[in-house]
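What follows is the residue order along each chain.
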Amino acid sequence: MELKELAANALAQNKKAALLVGGAGLALLGFGLGYKYLRKPEKVVRVGVVSQLLIHPLKSGKAVSVALAECQKAGLKFGELQDRHWLVVTEDGHMVTGRQQPRLVLVSLTCEGGHVCLNSPNMEELRFPIMQPDNPIMDCRVFKADIQGRDCGDEASRWLTRFLGEEKTFRLVHFEPQMKARRPAEEYPLFPQCEQVAYPDFGPVMLLSESSVKDLSSKLEKEVTVERFRPSIVISDCEAFDEDSWEEIQIGSVRLQRIMSCGRCVFTTVDPETGVITRKEPLDTLKSYRLCKPSEKHIYKASPLFGQLHTVKKTGILQVGDVVYKISR
């Protein structure tokens, strides 16, 4: 092939390559501009105000009301208190809740100076170190999931066994950061696979409005309080059940994503002030007007819905008085 012909072929190939590269570049630029201008901007609407922040350090135990809390991926935290990070179990590691032992709702677990403080009616306060690295780790069972917990010692076991007044022995365990967490998605597929929690029934955050509780109370002979339903975040300044429609919300720097409604069980019939279970109200009344749609029965079955379960998209600090914004696109 002559030199002129080789040069002509090379020039033709370079032009073709340049056209391809240029076309690809324009396509990428067009995609970027299209995404920028076609993506719907966020719409932010004020929907309420945070009226209470409640941490339940002991599963089924008393709530600790705080004015400020860290909202972490695994739930609310205040100092050494972390939501649902302590659990009562049988000697073989099966969870014990207020469904089986309603008087558990009278047990207060708080933390002070590196120590756990246990209190309840007619019992002396018991104090022991939060961290007890020499104590054994127990294999536990929360619903259908395996999880671990650090045994809190024989004194705590005797204290709980004496208070609950049973012939069987109860033990207290503590979930530590290095332990394998539970994945809610294994039992509730609506949760993202990446979500991890310690000992809560469902997810890390449950949200409920004061108005929804008032609406329910108006249908009952005896009023109920928000504490009976054990939410993490209580919202005021909204209408009853408005929270059902908040798919994504912003509170301060915290971003929450609604996953599903909270299906209610017999635990709602335990009076948080007396520890007495009736197995009737308010559950029966909730069933009369808060059942799911027929298309959702495979998720909730016969459980009435009250409160909303959220995951934490963005962590941060929550405070009582914070404005709640609904995010839509």
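Our subject is the structure that appears above.
Per chain, the residues get numbers from 1 upward, laid out in the order the sequence is written. Predicted model: local features are reported for residues with pLDDT of at least 70 only, side-chain atom pairs are reported and counted for 80 or more only, and whole-chain, interface and lining totals are derived from all residues. Remark: hydrogens and water are excluded; side-chain values derive from all non-hydrogen atoms of the structure.

Novice: What's the story with empty space enclosed by the protein in this structure? I'm lost.
Specialist: Remark: the empty space left among the atoms is shown by a probe the size of a water molecule rolled over them. Cavities and pockets were defined on a 1 Å grid built from protein atoms only: a cavity is a group of points that admits a 1.4 Å probe but offers it no way out, a pocket is an open group of points flanked by protein on both sides within 12 Å along at least five of seven lines, and a lining residue is one with an atom within 4 Å of any such point. Grid points are joined across faces, edges and corners, and a volume is the space filled by probe spheres set on the points. Inspection of every chain in the model, using the stated rule, returns one cavity of 30 Å³ or more. Within this model, the largest cavity holds a volume of roughly 40 Å³. Around the largest cavity, the lining residues are Val105, Glu227, Arg228, Arg230, Phe267, Val270 and Pro272. Its residues placed into classes, the lining of the largest cavity shows four nonpolar, no polar and three charged. Residue polarity follows a fixed list, in which Ala, Val, Leu, Ile, Met, Phe, Trp, Tyr, Cys and Pro are nonpolar, Asp, Glu, Lys and Arg are charged, and the others, Gly among them, are polar.

Novice: Would you mind showing me how to read the layout of surface pockets here?
Specialist: In this structure, the largest pocket spans a volume of roughly 800 Å³. Around the largest pocket, the lining comprises 37 residues; the ones closest to its centre are Arg99, Tyr188, Asp201, Phe202 and Gly263. Residue assignment for the lining of the largest pocket shows that the elements contributing at least two residues are β14 (205–209), β17 (254–263) and α5 (297–300). In this structure, the second largest pocket occupies an estimated 340 Å³ of space. Taken together, 17 residues form the lining of the second largest pocket, with Lys222, Glu223, Val224, Arg228 and Glu281 sitting closest to its centre. Counted by class, the lining of the second largest pocket contains six nonpolar, three polar and eight charged residues. Per the convention used, a helix needs a DSSP run of H or I reaching at least four residues, while a strand needs a run of E reaching at least two, with both numbered from the N terminus.

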